[in-house]
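In case you want the letters, here they are:
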Amino acid sequence: MLRLAIVDDHPVARRGLAAILAEDADMEVAASVAEPGALPDPAGCDVVLCDLYLDGDRPSVGAVRELSLVTRVLVVSAASRPADVLACMAAGAAGYATKDMEEDALRAAVREVAAGGFHLSPQLAAIVGAAERSRPGSGGGTALTAREREALDWIARGMTHAQAARRMGVAPSTVDTYVKRIRARLRLGNKAELAWFARNLAEGDAGGRGGPPG
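The structure displayed is predicted, hence computed values, not measured ones. In this convention, every chain numbers its residues from 1, walking through the sequence in written order. The predicted nature of this model means local features are confined to residues of pLDDT at least 70 and side-chain atom pairs, given and counted, to a pLDDT of 80 or more, with totals for whole chains, interfaces and linings taken over all residues. The basis for every side-chain value is the complete set of non-hydrogen atoms in the structure, without hydrogens or water.

**Some remarks on the overall build of the protein**
Consideration 1: The secondary structure listing takes helices from DSSP runs of H or I that are at least 4 residues long and strands from runs of E that are at least 2 residues long, numbered from the N terminus. In terms of helices and strands, the protein carries nine helices and six strands.
Consideration 2: It only takes one pair of heavy atoms within 4.5 Å for two residues to be counted as in contact. At a minimum sequence separation of 6, the contacts of the protein that also span at least 24 residues come to 65%.
Consideration 3: All accessible-area figures derive from a Shrake-Rupley calculation using a 1.4 Å probe, and residue coverage is judged against the displayed protein chains alone. Here the protein has roughly 9700 Å² of accessible surface; of this, 50% comes from carbon and sulfur atoms.

As structure tokens, then:
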């Protein structure tokens, strides 16, 4: 049984997420609150589904960072701005899902995160790919291996890590490793580079290819 918690400042959104997750007999919503501080025991949860905009127009990246220190966090947000996605990755989120995803896809994302994977939505994969191409000093070339780029390409087409692994003939854990390497290779934890990526991706990436979808 997966023990889950929902953090969203909109009551209707909380009830909707809880209802979707409740359709899986192996998932239990232990808490549903409007703000992270109201969670009774975040460390006791396998996954916390957290909205990003909990305080007006400011993304709650700090809340994502604090929760990520004690549990696995799946950001579930209506926002898909490159700056938001990259900031959440740098803050330690274990995944980023948009609220327009299908119900089955949401439950699959929760399972993927709970199992130790990193959920990459197609939009997120495109953003990471654009960031890699735009990396300062890259000259528009690739900093990823052929297999890492192949994994990213399958994910960008909407496939889960498990589906990408089957296409590549490897174990899902191998795709998880590729994703971790991609994050490390892009040095998304480096604040200066993260700001550079976010600025250029929000305006259209530095390679002149246009911004990612979403």
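**Some details on the sheet that holds strand β3 (residues 47-50)**
Consideration 1: Strands are treated as partners if at least two bridges between them are detected by DSSP. Within the open sheet, the six strands sit side by side as β2-β1-β3-β4-β5-β6. Their pairing is parallel. Sheet topology places β2 (27-33) and β6 (119-120) at the edges, where each strand pairs with a single neighbour.
Consideration 2: Bridging between strand β1 (residues 2-7) and β3 involves four bridges; their strand directions are parallel. What sits directly across from Ala5, in β3, is Val48.
Consideration 3: Comment: axis = line fitted to C-alpha atoms, over the contacting stretch for helices; angle = value between 0 and 180 degrees taken between N-to-C directions. Each of β3 and β4 (72-77) is contacted by helix α2 (residues 61-68), which is oriented at about 155° to β4, the strand it contacts most.

**Quick look at the pattern of salt bridges**
Consideration 1: In the sections that follow, a salt bridge refers to a side-chain nitrogen of Lys or Arg positioned within 4 Å of a carboxyl oxygen of Asp or Glu. The full count for this structure, using the stated rule, is seven salt bridges.
Consideration 2: Note that Arg111 is salt-bridged to Asp26, the shortest N-O span being 3.5 Å. Taken together, the positions of Arg111 in helix α4 (residues 103-114) and Asp26 in the loop between α1 (11-22) and β2 put the pair 85 residues apart, joining distant regions of the chain.
Consideration 3: Under the scheme applied here, a residue whose accessible area is under 20% of the maximum for its type counts as buried, over 50% as exposed, and between as partly exposed, the area being computed with a 1.4 Å probe on protein chains only. Owing to a relative accessible area of 35%, Arg111 belongs among the partly exposed residues under this scheme.
Consideration 4: Classification of Asp26 by relative accessible area gives partly exposed; the value is 41%.
Consideration 5: Of the charged contacts in the structure, one is a salt bridge between Asp104 and Arg107, with a shortest N-O distance of 2.4 Å. Of this pair, Asp104 and Arg107 both sit in helix α4, three residues apart, roughly one helical turn.
Consideration 6: The exposed category is assigned to Asp104, whose relative accessible area is 56%.
Consideration 7: Looking at Arg107, the relative accessible area reads 11%, which means it is buried.

**Some words on the side chain of Asp176**
Consideration 1: Along the chain, Asp176 falls in helix α8 (residues 172-185).
Consideration 2: In contact with Asp176, not counting residues within four places along its chain, are Gly117, Phe118 and His161.

**Here's the deal with α2**
Consideration 1: Residues Val61, Ala63, Val64, Leu67 and Ser68 constitute the buried set of α2. Down the axis of α2, the sector holding all buried residues measures 160°, keeping them to one side.
Consideration 2: Structurally, α2 contributes buried residues whose contacts are with β3, β4 and α3 (82-90). The directions from the helix axis to the C-beta atoms form the arc being described.

**As for helix α7 (residues 161-168)**
The α-helix winds at 3.6 residues per turn, so residues separated by three or four positions along the chain end up facing the same way.
Consideration 1: Within the sequence span of α7, burial applies to His161, Ala164, Ala165 and Met168. All buried residues of α7 fall inside an arc of 100° around its axis, so they share one side. Residues of α7 that are exposed and angled more than 90 degrees away from the buried face: Arg166 and Arg167.
Consideration 2: Trailing α7 by a residue or two, Gly169 shows a phi angle of about 75°, which is positive.

**Things to note about the environment of Val29**
Consideration 1: Within the secondary structure layout, Val29 lies in strand β2.
Consideration 2: On the basis of relative accessibility, which here comes to 28%, the residue Val29 falls in the partly exposed class.
Consideration 3: Expressed as a C-alpha distance, the spacing of Val29 and Ala19, which sit 10 residues apart in the sequence, is 9.3 Å.

**Focus on the packing of α1 against α4**
Consideration 1: Axis separation between α1 and α4 bottoms out at 10 Å; the angle between their running directions is 80°. For the element pair α1 / α4, the angle class is roughly perpendicular. Side by side, α1 and α4 meet where Leu17, Ile20 and Leu21 of the first sit next to Glu103, Leu106, Arg107 and Val110 of the second. Should an angle fall under 35 degrees it is taken as roughly parallel, and over 145 as roughly antiparallel, whereas 65 to 115 is taken as roughly perpendicular and any remaining angle as oblique.

**Brief notes about the nonpolar core**
Consideration 1: Counting residues in hydrophobic clusters, the biggest one holds 37 residues, and the most contacted among them are Leu39, Val48, Leu52 and Val75.
Consideration 2: By residue number, the principal contributor to this core is α3, which donates five residues.
Consideration 3: With sequence-adjacent residues up to four places away left out, Leu39 is seen in contact with Ala5, Val7, Ala31, Val33, Val48 and Leu67.
Consideration 4: Residues belong to one nonpolar core when they are buried, are Ala, Val, Leu, Ile, Met, Phe, Trp, Tyr or Cys, and are joined through side-chain atoms within 4.5 Å. Ile6, Ile20, Leu49 and Ala94 belong to the second-largest nonpolar core, a separate cluster that totals 17 residues.

This is a description of form; function is not addressed.
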